[in-house]
Amino acid sequence: MTAKTKKPIAPGQRGRALTTFLAARDGATVSKIRPNVAIYKVTDRMFAIHSEKSGYVVLKCDPNLIDILKAKYAGVGHKTHLNPRHWIAVEIDSDVPAKEIERLADLSHDLVRVAKKPAARRARKTA
């Protein structure tokens, strides 16, 4: 393999890396709802659902970004009963780069964490 050739990613490797990434978010807790499905929460509010078997992660998203992401990536859509205006499903082994999935997971984490703060503290942070 030359220096310019990328090492192929084994099936499931990106999913395992994502599992580690989600669990490492500040204040994150993990609970398994099925053997291959985990819910990630911060301050008792869900910010991600990761289905290892199905190969996707559901993330909270800024409604203004959802249409842009769907237009840019074939791997972004909607696969759950959650409100499609605020939640997206990202196929892990799709055209969505791993760094973009991590960025979206951070955004989801921050959206949930900031929304949980009292209004006075949220206003102070943005001011």
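Residues numbered from 1 in each chain as written. Predicted model: local features only at pLDDT ≥ 70, side-chain atom pairs only at ≥ 80, totals over all residues. Heavy atoms only, no water.

Per the secondary structure count, the protein chain includes 4 helices and 6 strands. With 127 residues in all, the protein chain has 35% of them scored as buried. A separation of at least 24 residues holds for 47% of the contacts in the protein chain among residues at least 6 apart in sequence. (Helix = DSSP H or I, 4+ residues; strand = E, 2+ residues; numbered from the N terminus. Buried < 20%, exposed > 50% of the residue type's maximum accessible area, 1.4 Å probe, protein only. Contact = heavy atoms within 4.5 Å.)

Attention shifts here to the pattern of salt bridges. Considering all chains together, one arrives at 7 salt bridges under this definition. A salt bridge links Glu 91 to Lys 79; the nearest nitrogen and oxygen atoms lie 3.7 Å apart. Taken together, the positions of Glu 91 in strand β6 (residues 87-91) and Lys 79 in the loop between β5 (76-77) and β6 put the pair 12 residues apart, joining distant regions of the chain. Looking at Glu 91, the relative accessible area reads 35%, which means it is partly exposed. (Salt bridge = Lys/Arg side-chain N within 4 Å of Asp/Glu carboxyl O.)

Moving on, we come to unusual backbone geometry. Unusually for a residue other than glycine, Thr 43 sits at a positive phi of about 45°. Relative to the assigned elements, Thr 43 resides in the loop between β2 (37-42) and β3 (45-51). The phi angle at Asp 44 is positive, at roughly 60°, despite the residue not being glycine.

Here the focus is the nonpolar core. One finds Leu 22, Phe 47, Val 57, Leu 59, Ile 88 and Val 90 to be the most contacted residues of the largest nonpolar core, which totals 24 residues. Contributing elements (two or more residues each) for this core: α1 (13-23), β2, β3, β4 (56-60), α2 (63-72), β6 and α3 (98-116). Of the residues forming this core, the biggest block, 4 residues, is contributed by α3. Counting 9 residues, the second largest nonpolar core, distinct from the first, contains Val 37, Ile 39, Val 58 and Trp 87. (Core = buried A, V, L, I, M, F, W, Y, C linked by side-chain atoms within 4.5 Å.)

Moving on to the packing of aromatic side chains. For the coordinates displayed, the defined rule picks out 1 aromatic pair. Aromatic side chains Tyr 40 and Phe 47 sit 6.4 Å apart centroid to centroid with 55° between the ring planes, which places their arrangement in the tilted category. Taking relative accessible area as the criterion, Tyr 40 reaches 2% and is therefore assigned buried. Residue placement shows Arg 25 over the ring face of Phe 21; its charged tip is 3.7 Å from the ring centre. (Phe/Tyr/Trp six-rings, centres within 6.5 Å; stacked < 30°, edge-to-face > 60°. Lys NZ or Arg CZ within 6 Å of the ring centre and 35° of its normal.)

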